[in-house]
Amino acid sequence: MRMRTLAGLTIAALVLTACGGRTALKPIKDQQRPAVPVGAATAPTSGELMTPSIQARPERNVELLTQSRQRGDDPFDLPPEKQPQ
């Protein structure tokens with residue numbers, strides 16, 4: 001029984017991996033292309049649309065802390081309120 005389940009899962013995995021398309025994507029007939037953004041001379045290409053912007057993927061700051069500094073006064077660091085009775 002266990003061997004049948006394993007064989008069935010293997011066959012299902014092979015079938016699922018074989019169903020991916022390998023051809024380039026093309027727009028459907030009579031489908032409108034994306035509108036040209038305001039201020040742009042031409043419509044963006046598919047590569048430009050798939051590349052994330054700087055705001056979507058910001059650079060990381062990997063600067064290490066090299067010196068310790070005393071923390072400044074924080075006006076929002078207030079003591080907890082008294083518990084109501």
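All values derive from a computational prediction rather than experimental measurement.

Cut-off values and rules
- Residues numbered from 1 in each chain as written.
- Predicted model: local features only at pLDDT ≥ 70, side-chain atom pairs only at ≥ 80, totals over all residues.
- Heavy atoms only, no water.
- Helix = DSSP H or I, 4+ residues; strand = E, 2+ residues; numbered from the N terminus.
- Rg over C-alpha atoms; globule rule 2.2 N^0.38 Å.
- Buried < 20%, exposed > 50% of the residue type's maximum accessible area, 1.4 Å probe, protein only.
- Areas by Shrake-Rupley, 256 points an atom, 1.4 Å probe, with all protein chains shown as cover.
- Lys, Arg positive; Asp, Glu negative; His and termini not counted.
- Charge placed at Lys NZ, Arg CZ, Asp CG, Glu CD.
- 1 Å grid on protein atoms, 1.4 Å probe; cavity = no way out; pocket = protein on both sides within 12 Å on 5 of 7 lines; lining within 4 Å.
- Points joined across faces, edges and corners; volume = space filled by probe spheres on them.
- Nonpolar A, V, L, I, M, F, W, Y, C, P; charged D, E, K, R; others polar.

**Q** Could you give an account of the overall build of the protein chain, naming the residues involved and the relevant values?
**A** Helix and strand content of the protein chain: two helices and zero strands. The C-alpha radius of gyration computed for the protein chain amounts to 29 Å, which surpasses the reference 12 Å derived for 85 residues by more than 25%, pointing to a less compact arrangement than a globule. Evaluated residue by residue, the protein chain yields a buried proportion of 0% over its 85 residues. In the structure as shown, the protein chain presents an accessible area of about 10000 Å², 57% of it carried by carbon and sulfur atoms. Across the protein chain, 11 positive and 8 negative side-chain charges occur, with their mean positions spaced 21 Å apart.

**Q** I'd like a description of the layout of surface pockets, backed by residues and values.
**A** In this model, the largest pocket occupies a volume close to 220 Å³. Contributing to the lining of the largest pocket are Leu-25, Lys-26, Pro-27, Arg-33, Pro-34, Ala-43, Pro-44, Thr-45, Ser-46, Leu-49 and Met-50. Split into classes, the residues belonging to the lining of the largest pocket amount to seven nonpolar, two polar and two charged.

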